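Each chain is listed here by its residues.
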Amino acid sequence: MPRKGIEVPSVPQGQAAPRTKPRPPPPPFYLPLNVTLYVCLISNGIAAFLAPIQDCDEVFNFWEPTHYLDHGYGLQTWEYSPVYSIRSWLYITLHGIVGKIGSLVVGSKSSEFYFIRFSLAMICAACETRLYSAICRTLSPRIGLLFLMIVAFSPGMFHASAAFLPSSFTMYASMLGLASFLDWRGGQKTAQGIMWFGIGAIVGWPFAGALLLPLLFEEIVIGYLSKNMQKVFSDVLNGVLRCLAILAAEIAVDFAFLRKLTVVPWNIVAYNIFGGEGRGPEIFGTEPWTFYVRNLLLNFNVWFIFAVSAGPLLLLQAIFRARATNSETLLRTVTLLSPFYMWLGIFTLQAHKEERFMYPAYPFLALNAAIAFHMILSYIGSSNPKELIGRVPAKLKLAGVMSVILLAINSGLLRTLGMITAYNAPLKVLQPLEQSEIAQPGDTVCFGKEWYRFPSSFFLPDGMRAKFIQSEFRGLLPGEFQDAPSYSALLEGTSRVPEGMNDRNKEDTGKYTDISQCSFLVDSHFPGREATALEPNYLQDKAQWDEISCASFLDASQTDLLGRLIWVPDLPIIPDQFRRSWGQYCLLRRRTSDSESELV
């Protein structure tokens, strides 16, 4: 609701008006918006430059098509075949434009990669600041500050903020949509909220449209109680028309690239829900129902516990502290808490589970946790001597609260630092290829057992291609887009039906290159992993390969649970069983006859 201004007392007749103007009402923020933006930008910016790529889908389904748009070649997955069409070229084009701008500003292609990532970090920071503002204005400055604390220091947001994934894009749109439904300054923004959720669902991930339902239900209830259903219907229709316009734009862009009329959001839903036997997400692996509980505990630690506890805490407050909760507040709070519970329930029931599926619900998780902690603070802040909590010394309460906050922040930072130091080797080892004396046009760099850690063609110099050699993996590897020296050739390449593609994850041997054709090879060695005929230890084959660059990579099989969860310093005072064990992740170059003769 619009905030009422503070009344200023009138000046008695005959007296001079005071020279000083009346003070404006204090801003509804504990932390100013500009400072909030800087905090979010620093947090997300660190992620943009240091966060490892967690999912090979991010590389093969999004970075590689973007590289194809900007540089005329790249790897292609079956999802981009016109036969299946379950990835939208509108989403890729938006990032391709950013990358093209970046290529005019920065020098190397790897810098272009980080330019796109940092642009995503800035967009996320702006969305977080917008939602923080809406929460502070309409709910409570304290809830807003807690929300900011959670999103700025949680490992989950660290990975999601700058990830090139539709689920991250949907997360941005969901934050703007939620802010629209929260902030009624200038009137309700139902149509705007529907539009933002629609953008996330249409351009990003269609399943995220479910997050809108509780918020829309509240609007309908309020409209019915206020006997103003006509306005609600008008706003909903306005929002739907905006979404249809966005869908039409996406269909038009996809038609230009695929040369066929297709509705990608429907194709995604149809494949995942109505794919039939041997198809659908389950063929890529299944997880037990506890997967998201364990994952969210890792990514949000104690905040996940508060987020899950928000509903029961609200019920207890409504029963035992009824004066603090009226019907309007109860309806609003239930509405805001519902999306996270709904999302967690839906995806827990799905057999195929991945961390990125939770990204759209991260802002709602943070809001749930902030509301829950706010309710706890309101209770323990009581000084009523008739209540047990009112007799606890204030300093003891403060110590308890600060202990929880510091535990959450430090756990998040240790987890984040642990992930950076353990798994970012793939973003480092290809750097020497940018030196002209090492790589030559036409060279190939091959990936065997490390195929799924390829950081994208943005890390290869112009003229160098990534190839795959056979390993123990028996699924479908990406192919290659047809080379596109011009924009007309590019559209020809995106609309061409590639060979050897299927939607059943069946191996295609045509995707492999003979190792004799590899100029460079990326390989790893872990003490806890045994070599096989298809995955030999190339690092020890000194007769064939020279080490160009190596970086440490965590050997999870030989590292204790604590070392896998958080950063553990490699200091003499740390017992051996708690230290992290390391393998080597290396870029190798084939030895030539000249180099062999020099060594002889």
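Residues numbered from 1 in each chain as written. Predicted model: local features only at pLDDT ≥ 70, side-chain atom pairs only at ≥ 80, totals over all residues. Heavy atoms only, no water.

- As annotated in an unreviewed UniProt entry, the chain carries the name Mannosyltransferase and comes from Emericella nidulans.
- The chain has a UniProt comment under Sequence similarities (unreviewed entry) that states "Belongs to the glycosyltransferase 22 family."
- The chain has a UniProt comment under Pathway (unreviewed entry) that states "Protein modification; protein glycosylation." (UniProt positions renumbered as here; feature names shortened; annotations may be inferred.)

**Points about the pattern of salt bridges**
Thought 1: Within this structure, the stated rule accounts for 21 salt bridges.
Thought 2: For Arg-332, the salt bridge is made with Glu-218, and the minimal N-O distance between the two is 2.9 Å. Residue Arg-332 is located in helix H14 (residues 327-348), and its partner Glu-218 is located in helix H9 (residues 212-225); the two are separated by 114 residues in the primary sequence. The same class applies to Arg-332 as to Glu-218, namely buried.
Thought 3: Across the pair Glu-547 and Lys-542 runs a salt bridge, and its minimum N-O distance is 3.2 Å.
Thought 4: Residue Glu-547 is classed as partly exposed on the basis of its relative accessible area of 43%. (Salt bridge = Lys/Arg side-chain N within 4 Å of Asp/Glu carboxyl O. Helix = DSSP H or I, 4+ residues; strand = E, 2+ residues; numbered from the N terminus. Buried < 20%, exposed > 50% of the residue type's maximum accessible area, 1.4 Å probe, protein only.)

**A short note on the nonpolar core**
Thought 1: By size, the foremost hydrophobic cluster in this structure holds 132 residues, and its most contacted members are Trp-89, Leu-296, Phe-300, Trp-303, Phe-340, Tyr-362 and Leu-433.
Thought 2: No other element matches helix H15 (residues 362-380), which puts 13 residues into this core.
Thought 3: Apart from residues lying up to four places away in sequence, Trp-303 is in contact with Met-149, Ile-150, Ser-154, Leu-365, Ala-369, Phe-373 and Ala-408.
Thought 4: Residues Cys-518, Leu-521, Leu-539 and Cys-586 belong to the second largest nonpolar core, which totals nine residues. (Core = buried A, V, L, I, M, F, W, Y, C linked by side-chain atoms within 4.5 Å. Contact = heavy atoms within 4.5 Å.)

**So, the packing of aromatic side chains**
Here the distance between the centres and the angle between the planes together describe a pair of aromatic rings.
Thought 1: Counting across every chain of the model gives 44 aromatic pairs.
Thought 2: One aromatic cluster is present, built from ring pairs that chain together Phe-49, Phe-62, Trp-63, Tyr-91, Phe-113, Tyr-114, Phe-118, Phe-164, Phe-169, Phe-458 and Phe-459. (Phe/Tyr/Trp six-rings, centres within 6.5 Å; stacked < 30°, edge-to-face > 60°.)

**Some points on the UniProt feature "transmembrane region" (unreviewed entry) in the chain**
Thought 1: Per the UniProt record, "transmembrane region" (unreviewed entry) is annotated on residues 29-51, 145-173, 193-216, 236-258, 300-320, 329-349, 361-380 and 401-423.
Thought 2: In residues 300-320, helix accounts for 95% and strand for 0%; the two terminal C-alpha atoms are 29 Å from one another.

**As for the packing of helix H3 (residues 89-105) against helix H10 (residues 229-258)**
Helix-helix packing is described using two parameters, namely the angle between the two axes and the distance between the axes.
Thought 1: Put simply, H3 and H10 touch, their axes get as near as 8 Å, and they point 85° apart. On the basis of their axis angle, the class for H3 and H10 is roughly perpendicular. Each of Trp-89, Leu-90 and Thr-93 in H3 lies in contact with H10, whose residues at this interface are Glu-250, Val-253, Asp-254, Phe-257 and Leu-258.
Thought 2: Residue composition of the contact of H3 with H10, by class: five nonpolar, one polar and two charged. (Axes fitted to C-alpha atoms, helices over the stretch in contact; angles between N-to-C directions. Parallel < 35°, antiparallel > 145°, perpendicular 65-115°, else oblique. Nonpolar A, V, L, I, M, F, W, Y, C, P; charged D, E, K, R; others polar.)

**Here's the deal with the side chain of His-374**
Thought 1: As for its placement among the helices and strands, His-374 is situated in helix H15.
Thought 2: In this view, His-374 contacts Ser-140, Arg-142, Ile-143 and Leu-146; residues no more than four positions away in its chain are not counted.

**Thoughts on the environment of Ile-548**
Thought 1: Relative to the helices and strands, Ile-548 is located in strand S6 (residues 545-554).
Thought 2: When the C-alpha atoms of Ile-548 and Thr-170 are compared, they prove to be 40 Å apart, with 378 residues separating the residues in sequence.
Thought 3: If near-sequence neighbours (up to four positions away) are discounted, Ile-548 is found in contact with Pro-432, Ile-438, Leu-587, Leu-588 and Arg-589.

**Here's the deal with H15**
Thought 1: Taking 1.5 Å per residue, 19 residues should reach 27 Å; H15 reaches 27 Å between its end C-alpha atoms and fits that length.
Thought 2: The buried count for H15 comes to 16 of 19 residues, which makes it a mostly enclosed element. (Expected span 1.5 Å × (residues − 1).)

**Here's the deal with the domain arrangement of the chain**
Thought 1: Examined at the domain level, the chain breaks down into domain 1 (25-54 + 85-164), domain 2 (166-280) and domain 3 (426-590).
Thought 2: Summarising the inter-unit geometry, the C-alpha centres of domain 1 and domain 2 are found 21 Å apart.
Thought 3: Residue-level contacts link 26 residues of domain 1 with 23 residues of domain 2.
Thought 4: Across the domain 1-domain 2 interface, the total number found is one salt bridge.
Thought 5: The closest approach of N and O atoms between Arg-130 and Asp-183, which form a salt bridge, is 3.6 Å.
Thought 6: Scanning the region where domain 1 abuts domain 2 turns up six residue pairs in polar contact (both at pLDDT 80 or more).
Thought 7: Elements with a minimum of two residues in the side of domain 1 that touches domain 2: H3, helix H4 (109-138) and helix H6 (155-161).
Thought 8: For the side of domain 1 that touches domain 2, the element with the most residues is H4, which contributes 11 residues.
Thought 9: Within the side of domain 1 that touches domain 2, the residues separate by chemical class into 17 nonpolar, five polar and four charged. (Domains from an automatic or database assignment. Polar contact = N/O pair within 3.5 Å; in protein donor to acceptor, adjacent residues only side chain to side chain.)

**Quick word on the state of the cysteines**
Thought 1: The tally for this structure, following the rule as stated, stands at two disulfides.
Thought 2: Note on cysteine connectivity: Cys-446 is disulfide-linked to Cys-518, with sulfurs 1.9 Å apart. Disulfide Cys-446-Cys-518: the torsion about the S-S bond is -90°, which places it as left-handed. Placement of the pair is Cys-446 in strand S2 (residues 444-447) and Cys-518 in the loop between helix H17 (487-495) and strand S5 (520-525), with a sequence separation of 72 residues. In this structure, Cys-446 and Cys-518 share a single accessibility class: buried.
Thought 3: Residue Cys-550 pairs covalently with Cys-586 via a disulfide, S to S 1.9 Å. Its S-S torsion of about 115° marks the bond between Cys-550 and Cys-586 as right-handed, since a negative value means left-handed. Note that Cys-550 is positioned in strand S6 and Cys-586 in strand S7 (residues 582-590), a separation of 36 residues in sequence.
Thought 4: According to the relative accessible area criterion, Cys-550 is partly exposed, its value standing at 31%.
Thought 5: On the accessibility criterion, Cys-586 (0% relative accessible area) is buried.
Thought 6: The structure places no disulfide on Cys-40, whose sulfur is separated from the nearest cysteine sulfur, that of Cys-124, by 7.6 Å. (Disulfide = S-S within 2.5 Å.)

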